[in-house]
Amino acid sequence: AIAYPQQPADPVIGIITHPVDQCGPAPAGNVTYDQCVESFYLRWLEAAGVRVVAIPFNASASTQKWFLDRVNGVLFQGGGLGGQRLADYVVMVERVLGYALDRNAQGDRFVVWGTCQGFQVLAAAAARNVSVIQGPFAGMYPLMMPVNFTLAQPSSRLLGDANCPHNVREAMLTKNSTLNWHHSIIEPASFAQYPSLGQTFTPLTSNFVPGSTQEFISAYESPHAEVYAVQFHPERPPYEFSNDLIGHTAGDIAVSQYLANFIAAKMRLNNHSFENATDVEALRIARFPRVDHGWGHKTYYVYDPEN
């Protein structure tokens, strides 16, 4: 008999898709691909031993919950949504965040991760206000930067002295090791201005907009749940070569790999599982068409079977 990989030892994460116009041109053919996932996230997580499925951003609440009950965690991608589409997306994020906080409160250590706009929308969901996302600010498109640790960093799960390797913390603190590629920010003051945001997330690192005194938070975690997010892009330095400002040093890669391994380890702590491994195999993002845009930038195009 074939020994199929089993959860949670071989965890499965669901990446929330984006509307297809957030990515490059979709492949031609008879199928209308209305959603996409950037392959950086897929390759980054697979290198840590994680299997990856797509969860449609516009799935019904019941379909979304079907996925959440079976995956070991969820990732919110970076992106450029704005206006009403951003507001609608945040409503969906509120639902996922609420699920995660509720499950963790019951001892089910379900994982949520957010990168860049994923970081921002999780903050907006916690604050219950999209205006917590401030901007635009120039000078970080892209820009490698070190981070400043907050007073909460030493005892944190994500970056704490007891958990995060010294070389990773040293690279983050002293080297241009985190890839920023954004115009919008979450200000430190917002964690006091919006009490629900401060109660849900604890800032771990901060940065300053180049050439200004404008500070922004660049990493946070929930003190109550396995929910984490970073403003920077750890998934891109190992794979993307489209811009000479993207770092590829040993320190940059160590930061990237540590964070992917951290997510994988946390997802092994809950018992969510699909009914069988072949169901996971059928849903893997890697089975969808992929377009190579050059210089390491590849995109998977998916469609929502409900539509």
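Residues numbered from 1 in each chain as written. Predicted model: local features only at pLDDT ≥ 70, side-chain atom pairs only at ≥ 80, totals over all residues. Heavy atoms only, no water.

S.K.: Looking at this structure, I do not really get the nonpolar core. What am I missing?
M.R.: The nonpolar side chains of a soluble globular protein tend to be buried, and buried together. Counting residues in hydrophobic clusters, the biggest one holds 43 residues, and the most contacted among them are Val 74, Phe 76, Leu 122, Leu 197, Phe 201 and Tyr 220. Counting only elements with at least two residues in this core, the list comes to strand 1 (12-16), strand 4 (51-55), helix 2 (61-68), strand 5 (73-76), helix 3 (83-105), helix 4 (117-127), strand 11 (215-221) and strand 12 (227-230). Among the elements that make up this core, the one with the highest residue count is helix 3 (nine residues). Judged by nonpolar contacts, the second largest core, of 38 residues, contains Ala 48, Cys 164, Phe 232 and Ala 260. (Core = buried A, V, L, I, M, F, W, Y, C linked by side-chain atoms within 4.5 Å. Buried < 20%, exposed > 50% of the residue type's maximum accessible area, 1.4 Å probe, protein only. Helix = DSSP H or I, 4+ residues; strand = E, 2+ residues; numbered from the N terminus.)

S.K.: Whenever I open this one, the packing of aromatic side chains confuses me. Can you help?
M.R.: One pass over the full model with this rule turns up 11 aromatic pairs. Here the aromatic rings of Phe 76 and Tyr 89 are separated by 6.4 Å at their centres, their planes lie at 75 degrees, and the arrangement is edge-to-face. Of this pair, Phe 76 sits in strand 5 while Tyr 89 is found in helix 3, placing the two residues 13 residues apart along the sequence. Each member of the pair, Phe 76 as well as Tyr 89, is classed as buried. Measuring from centroid to centroid gives 6.1 Å for Tyr 141 and Trp 181, while their planes differ by 80 degrees, and the two rings are edge-to-face. Note that Tyr 141 is positioned in the loop between helix 4 and strand 7 (143-145) and Trp 181 in the loop between strand 9 (178-180) and helix 6 (190-193), a separation of 40 residues in sequence. Over the face of the ring belonging to Trp 181 we find Arg 236, whose NZ or CZ atom lies 4.0 Å from the ring centre. (Phe/Tyr/Trp six-rings, centres within 6.5 Å; stacked < 30°, edge-to-face > 60°. Lys NZ or Arg CZ within 6 Å of the ring centre and 35° of its normal.)

S.K.: Explain the environment of Leu 259 to me, please; I cannot follow it from the model alone.
M.R.: Summarising the element assignment, Leu 259 is placed in helix 8 (residues 250-267). Here Leu 259 is in contact with Trp 44, Trp 113, Leu 158, Phe 232 and Pro 234, once residues within four sequence places are set aside. (Contact = heavy atoms within 4.5 Å.)

S.K.: Could you clarify how one ought to interpret the packing of helix 2 against helix 3 in this entry?
M.R.: For any two helices packed against each other, one specifies the crossing angle of their axes together with the interaxial distance. The N-to-C vectors of helix 2 and helix 3 enclose an angle of 40 degrees; their axes lie 11 Å apart at closest approach. Classified by the angle their axes make, helix 2 and helix 3 are oblique. Classified by chirality, the crossing of helix 3 by helix 2 is right-handed. When helix 2 is examined against helix 3, the residues Ala 61, Gln 64, Lys 65 and Leu 68 are found in contact with a partner set consisting of Met 92, Arg 95, Val 96 and Tyr 99. Residue classes in the contact of helix 2 with helix 3 are distributed as five nonpolar, one polar and two charged. (Axes fitted to C-alpha atoms, helices over the stretch in contact; angles between N-to-C directions. Parallel < 35°, antiparallel > 145°, perpendicular 65-115°, else oblique. Left-handed = near helix turned anticlockwise from the far one by under 90°. Nonpolar A, V, L, I, M, F, W, Y, C, P; charged D, E, K, R; others polar.)

S.K.: Can you walk me through the confidence of the model for the protein chain in this structure?
M.R.: For any part of a model where pLDDT is low, the fine detail of the predicted coordinates should not be relied upon. Here the protein chain averages 95 in pLDDT, and 98% of its residues register 70 or above. When the elements of the protein chain are averaged for pLDDT, helix 9 (residues 277-283) gives the smallest value, 87, and strand 12 the largest, 99. (pLDDT = per-residue confidence, 0-100.)

S.K.: Looking at this structure, I do not really get the sheet that holds strand 5. What am I missing?
M.R.: Across a sheet, paired strands are connected by hydrogen bonds in the backbone, their directions being either parallel or antiparallel. The strand order across the open sheet formed by eight strands is 4-1-5-6-12-11-10-8, and the pairing between neighbours is mixed. Because the sheet does not close on itself, it has two edges, and the strands there are strand 4 and strand 8 (148-149). Across five bridges, strand 1 lies against strand 4 in parallel orientation. Counted as the bridge partner of Ile 16 is Ile 55 from strand 4. (Pairing = 2+ DSSP bridges.)

S.K.: For this particular structure, what's the right way to read the environment of Glu 38?
M.R.: If you trace the backbone, Glu 38 turns up in strand 3 (residues 35-38). Considered as a pair, Glu 38 and Gln 77 are 39 residues apart in the sequence and their alpha carbons are 8.1 Å apart. With near-sequence residues (within four places) excluded, Glu 38 lies in contact with Gln 22, Cys 23, Gln 77, His 297, Lys 298 and Thr 299.

S.K.: What exactly am I supposed to notice about the pairing of strand 6 (residues 111-115) here?
M.R.: For a regular strand, side-chain orientation follows a simple rule: the groups alternate between the two sheet faces. Of all five residues making up strand 6, five are buried, and the element is well covered by its neighbours. Taking every second residue as pointing to the same face, both faces of strand 6 are buried, with Val 111, Trp 113 and Thr 115 on one and Val 112 and Gly 114 on the other. Bridge count between strand 5 and strand 6: four bridges; the pairing is parallel. Note that in strand 6 the partner of Gly 73 across the bridge is Val 111. The sheet contact formed by strand 6 and strand 12 spans four bridges and is parallel. Looking across to strand 12, one finds that Gly 114 is bridged to Ala 229.

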